[in-house]
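# Structural features, examined
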Amino acid sequence: GNDVDFVRGLRAGSCEAEPEQRSSAVATMCDRLIAYGRSAPQMQAAAQALSDEARWTKLERGFDQIAAEVRRRAPQARLVFVDYVSLVPNEGLCPVLPLSDKAATFARATALRLSQLTADTARRTGAGLVKASELSKGHDVCAENSWSTGFIPPSGAAGFSIYHPNLAAMTAIAGALDEQLGN
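Okay, so let's go over this structure. Here the residue numbering is sequential within each chain, running from 1 through the sequence in written order. Local features in a predicted model are, by the rule used here, given only for residues with pLDDT of at least 70; side-chain atom pairs are given and counted only at 80 or more, and totals for whole chains, interfaces and linings are based on all residues. Water and hydrogen atoms play no part in the side-chain values, which are based on all heavy atoms of the structure.

Next up on the list: the state of the cysteines. For the purposes of this analysis, a disulfide is any pair of cysteine sulfur atoms at a distance within 2.5 Å. In this structure the tally under the stated criterion is two disulfides. Two residues, C15 and C30, share a disulfide whose sulfurs are 2.1 Å apart. Because the torsion about its S-S bond is -105°, the bridge between C15 and C30 counts as left-handed. With C15 in the loop between α1 (6–14) and α2 (24–35) and C30 in helix α2, this residue pair connects regions lying 15 residues apart in the sequence. In this structure C15 comes out as buried when scored by relative accessible area, which is 10%. Put simply, DSSP H or I for four residues or longer makes a helix, DSSP E for two residues or longer makes a strand, and each gets a number counted from the N terminus. Residue burial is assigned from relative accessible area. The probe radius is 1.4 Å, only protein chains are included, and a residue is buried under 20% of its type maximum, exposed over 50%, and partly exposed in between.

Right, let's talk about helix α4 (residues 53–73) for a bit. Expected span, for any helix, means 1.5 Å times one less than how many residues it has. Taking 1.5 Å of rise per residue, the 21 residues of α4 would be expected to cover 30 Å, and the 30 Å separating its terminal C-alpha atoms lies within 8% of that figure. Of the surrounding secondary structure, the elements contacted by the buried residues of α4 are β1 (80–82) and α5 (101–125). For this analysis, residues touch if any pair of their heavy atoms sits within 4.5 Å.

With that settled, the discussion passes to α2. An ideal rise of 1.5 Å per residue puts 16 Å on twelve residues; α2 measures up with 16 Å between its terminal C-alpha atoms. Residues V26, A27, M29, C30 and L33 constitute the buried set of α2. The buried residues of α2 occupy an angular sector of 165° when the element is viewed end-on, so they sit on one face. With respect to the buried face of α2, the exposed residues turned more than 90 degrees away are S24 and A35. Here the arc refers to the set of directions running from the helix axis out to each C-beta atom.

We call a set of buried residues a nonpolar core when its members are Ala, Val, Leu, Ile, Met, Phe, Trp, Tyr or Cys and they connect through side-chain atoms within 4.5 Å of each other. Within the largest apolar cluster, 37 residues are counted, with the highest numbers of intra-cluster contacts made by L10, L87, F151 and Y163. For this core, the secondary-structure elements that each account for two or more residues are α1, α2, α4, α5 and α7 (167–181). Examining the composition of this core, we find that six residues originate from one element, α5, more than from any other. Every residue in contact with L10, bar those within four places of it in the chain, is listed here: L87, V88, L99, A107 and Y163.

Our next topic: the pattern of salt bridges. Here, a salt bridge means any side-chain nitrogen of Lys or Arg that lies within 4 Å of a carboxyl oxygen of Asp or Glu. Under the criterion given, the structure shown has eight salt bridges. The partner of E53 in a salt bridge is R113, with the nearest N and O atoms 2.7 Å apart. A residue pair is termed long-range when its members are at least 10 positions apart, and E53 in helix α4 and R113 in helix α5 qualify at 60 residues. Residue R113 is classed as partly exposed on the basis of its relative accessible area, which comes to 32%. Its salt-bridge partner being R124, residue E60 comes within 3.5 Å of it at the nearest N-O pair. Placement of the pair is E60 in helix α4 and R124 in helix α5, with a sequence separation of 64 residues. Several salt bridges share partner residues, and in doing so they unite E60, D64 and R124 into one network.

Moving on: the packing of α1 against α5. One way to put it is that α1 packs onto α5 with a least axis distance of 10 Å and a crossing angle of 170°. Considered as vectors, α1 and α5 are oriented roughly antiparallel to each other. Residues F6, L10 and G13 of α1 pack against A103, A107, T110, A111 and L114 of α5. The residue classification treats Ala, Val, Leu, Ile, Met, Phe, Trp, Tyr, Cys and Pro as nonpolar and Asp, Glu, Lys and Arg as charged. All others, Gly included, are polar. Looking at the contact of α1 with α5 residue by residue, the classes come out as six nonpolar, two polar and no charged. A fitted line through C-alpha atoms represents every axis, and for helices the fit uses only the stretch in contact; the resulting angles, taken between N-to-C directions, go from 0 to 180 degrees. By definition in this entry, angles of less than 35 degrees are roughly parallel, angles greater than 145 are roughly antiparallel, angles of 65 to 115 are roughly perpendicular, and the rest are oblique.

It is worth spelling out the packing of aromatic side chains at this point. Aromatic ring pairs are described here by two measures, namely the spacing of the ring centres and the angle between the planes. Classification of ring pairs uses Phe, Tyr and Trp, with its six-membered ring standing for Trp, and accepts pairs whose centres are within 6.5 Å; under 30 degrees between planes counts as stacked, over 60 as edge-to-face, and the remaining range as tilted. Following the criterion strictly, the structure yields three aromatic pairs and no others. Pairing F6 with Y84 gives two aromatic rings, centres 5.3 Å apart and planes at 75°, and the pair type is edge-to-face. Separated by 78 residues along the polypeptide, F6 in helix α1 and Y84 in the loop between β1 and α5 bring together distant segments of the chain. We classify F6 as buried; its relative accessible area is 2%. Whether a charge sits over a ring comes down to the Lys NZ or Arg CZ being within 6 Å of the ring centre and within 35 degrees of the ring normal. One cation-aromatic arrangement involves R113 over W56; the distance from NZ or CZ to the ring centre is 4.4 Å.

Okay, structure coming up:
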């Protein structure tokens with residue numbers, strides 16, 4: 001996802017609205033991003049990168065190279081790819097996911113494409129696959145029991161990273177990996 005700027009695109013989409021149309025919490029986060037060097041043009045460029053076919057091709061080649069290198073270095077290793085957790089609900093939005101309908105549709109399509117590309121690579125290279133996207137359905141950023149952070153940190157949150165898996169997600173993924181590897 002980093003290779004196609006998935007999370008950067010979500011951050012950019014979260015700051016799309018004109019400043020006067022943003023909630024104070026969203027405005028504060030957008031101001032913080034800009035203060036940390038993530039200027040509006042950089043965030044817009046990240047959002048545009050999601051539709052850059054050259055990046056998708058490079059990502060696919062990168063996955064294949066990872067698999068080939070693992071096979072070369074450790075021929076007996078069991079390789080397991082893990083796709084992204086579900087961040088955006090199938091329908092609707094919420095205050096911690098301040099996207100326009102257009103940006104949300106684009107984010108859903110990007111997440112689906114990442115999931116499909118990861119699954120295709122696993123199948124093509126003979127690797128295993130943990131579908132974190134499936135495990136985390138119903139646990140998107142808008143869910144009551146979310147497995148990832150949204151755009152707005154909860155009060156008192158320490159070490160907050162925008163649109164990233166939390167402990168519940170990582171625990172579920174570790175459990176699925178453990179089950180798949182038979183340990």
